[in-house]
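What follows is each chain in one-letter form.
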Amino acid sequence: MAGHSSRVVIFAALAGNGLIAITKAVAAAYTGSSAMFSEAIHSAVDTGNQGLLLYGLHRSTRPADARHPYGYGRELYFWAFVVALLIFAIGSGVSIYEGIHKIMDPQPIENPMINFAVLGAALIFEGAAWYIAFKEFKTKVKGRAYFAAVAASKDPSIFAVLLEDTAAMLGLLIAIAGLGLGILLDIPELDGLASVLIGILLAAIAWVLAYETKGLLIGEGADPEVEKTIRRIIVKHPEVLRVNEILSLQNGPMDILITLSLDFKDGILSQEIESAISKMEKQIRTAQPDIRKVFIEAQSWRSHNRAANGN
């Protein structure tokens, strides 16, 4: 279900950005606006990025095999990182270059009303795509603040689109302001300045996306609420004396690996330990469906500490 909702968000953004990119490119060619050209590049990059995220979602659903026994879930994180690099290298780089070129060699903008009409329409379409992404993102943030939710999110296919759409809306406002002030004050260089600011905005978004996906790519733990749920389940079992350690690894947006080290009470038969472990595994998977694999080790607290300290 979550994978389906991610695809809905990406398809909505893909369709909107594709049409907007074409419209902006035609308007930029007709009017000569640097800010409009930057916006066209921005939308074109976003369209390509959403295609990569869809590809990453498709690849991440492949079943585990001998070479990848824990599955391919983290492949989505790789493609999200590629998206961040493309935003920085193409979107930001081209926008800043075009803006500097226009500042150094300013040209009057022809038929500016066409730019305003296109930017206004794009703002409506981008707003609709942003709302769809934000609505889906909001169902997963669990009451967190916006930036904290992005940091905690394990699904880059959602927050990458949301970040891109947020940047798109801010970029449109910058372009409108640059065009409007340039015409009002008769300073055509402001159009180029708007393009540079759009490039800086894209660089900032790319950095945030790269930083967040890097953590997921190299291996990030599950949400702390997952560990709390597991602890609540374990303490209900009288056979367990102490929880030595709970380790989690997010292998994909809906794929969590859990390893537990538990100290069982002395004098318990091996059959009782096996029965308790089987019950715990079933309860953990029921409480947290995203947990795909659970490994439970029976180990005394002293042995665990010696192993942890390298003794």
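Everything below is about the structure printed above this text.
In this text the structure is predicted, and so the values were computed from the model without any measurement.

> Just to check I follow, could you spell out the packing of aromatic side chains for this structure?
Note on aromatic pairs: each is described by the distance of the centres and the angle between the planes. Under the criterion given, the structure shown has four aromatic pairs. Ring geometry for phenylalanine 78 and tryptophan 79: centres 5.0 Å apart, planes at 75°, overall edge-to-face. Overall, the relative accessible area of 39% leaves phenylalanine 78 in the partly exposed class. For tryptophan 79, a relative accessible area of 18% gives the class buried. These aromatic residues form a ring-pair network of at least three members: Tyr55, Phe78 and Trp79. Its end group placed over the ring of tyrosine 72, arginine 62 keeps NZ or CZ at 3.7 Å from the ring centre.

> I tried to follow the layout of surface pockets on my own but got confused; where do I start?
In this approach the atoms are scanned with a rolling probe the size of a water molecule, which exposes any empty space left behind. The space that makes up the second largest pocket amounts to roughly 180 Å³. Looking at the second largest pocket, the residues that line it are Arg67, His68, Pro69, Tyr70, Gly71, Tyr72, Gly73, Arg74, Glu75, Leu249, Asn251 and Leu257. Taken together, the residues that form the lining of the second largest pocket break down as five nonpolar, four polar and three charged.

> It is not clear to me how the side chain of threonine 31 should be interpreted in this structure. Could you clarify?
Among the secondary structure elements, threonine 31 is positioned in helix 1 (residues 2-31). Taking relative accessible area as the criterion, threonine 31 reaches 3% and is therefore assigned buried. A distance of 2.8 Å separates a polar atom in the side chain of threonine 31 from the backbone oxygen of alanine 27. Within polar-contact distance, the side chain of threonine 31 engages the side chain of asparagine 115 at 3.1 Å. Residues within four places of threonine 31 in sequence aside, it is in contact with Ile109, Glu110, Asn111, Ile114 and Asn115.

> How should helix 6 (residues 156-184) be read in this particular structure?
Side chains three or four residues apart in an α-helix point the same way, a direct result of the helix having 3.6 residues per turn. Between its first and last C-alpha atoms helix 6 spans 41 Å; for 29 residues at 1.5 Å apiece the expected length is 42 Å, and the two agree. Phi for aspartate 186, located one or two positions after helix 6, is positive at around 60°.

> Help me out: how do you make sense of a nonpolar patch on the surface in this one?
Together, Ile103, Leu193, Leu197 and Ile200 give the surface a local cluster of nonpolar side chains, amounting to about 310 Å² of exposed area. At three residues, the largest contribution of residues to the nonpolar patch is made by helix 7 (residues 189-218). Inspection of the secondary structure puts isoleucine 200 in helix 7. Residue classification places isoleucine 200 among the partly exposed residues on the basis of a relative accessible area of 47%.

> What is the right way to look at the nonpolar core in this model?
One recurring pattern in soluble globular proteins: nonpolar side chains tend to sit buried together. Core analysis: the largest hydrophobic core is formed by 45 residues, its most contacted members being Leu53, Ile87, Phe137, Phe159, Val161 and Leu209. Only helix 1, helix 2 (34-60), helix 3 (75-104), helix 4 (112-138), helix 5 (146-152), helix 6 and helix 7 provide two or more residues apiece to this core. Take this core: its biggest share by element is 10 residues, from helix 6. Setting aside anything within four residues of it in sequence, one finds phenylalanine 137 in contact with Tyr146, Ala149, Val150, Ser153, Ile158, Phe159 and Leu162.

> How should I be thinking about the environment of alanine 175 in this particular structure?
Topologically, alanine 175 is positioned in helix 6. Note: C-alpha distance between alanine 175 and isoleucine 90 (85 residues apart in sequence) is 18 Å.

Conventions adopted
- Residues numbered from 1 in each chain as written.
- Predicted model: local features only at pLDDT ≥ 70, side-chain atom pairs only at ≥ 80, totals over all residues.
- Heavy atoms only, no water.
- Phe/Tyr/Trp six-rings, centres within 6.5 Å; stacked < 30°, edge-to-face > 60°.
- Buried < 20%, exposed > 50% of the residue type's maximum accessible area, 1.4 Å probe, protein only.
- Lys NZ or Arg CZ within 6 Å of the ring centre and 35° of its normal.
- 1 Å grid on protein atoms, 1.4 Å probe; cavity = no way out; pocket = protein on both sides within 12 Å on 5 of 7 lines; lining within 4 Å.
- Points joined across faces, edges and corners; volume = space filled by probe spheres on them.
- Nonpolar A, V, L, I, M, F, W, Y, C, P; charged D, E, K, R; others polar.
- Helix = DSSP H or I, 4+ residues; strand = E, 2+ residues; numbered from the N terminus.
- Polar contact = N/O pair within 3.5 Å; in protein donor to acceptor, adjacent residues only side chain to side chain.
- Contact = heavy atoms within 4.5 Å.
- Expected span 1.5 Å × (residues − 1).
- Patch = residues over 30% accessible without salt bridge, like charges linked within 9 Å, V, L, I, M, F, W, Y side chains within 5 Å.
- Areas by Shrake-Rupley, 256 points an atom, 1.4 Å probe, with all protein chains shown as cover.
- Salt bridge = Lys/Arg side-chain N within 4 Å of Asp/Glu carboxyl O.
- Core = buried A, V, L, I, M, F, W, Y, C linked by side-chain atoms within 4.5 Å.

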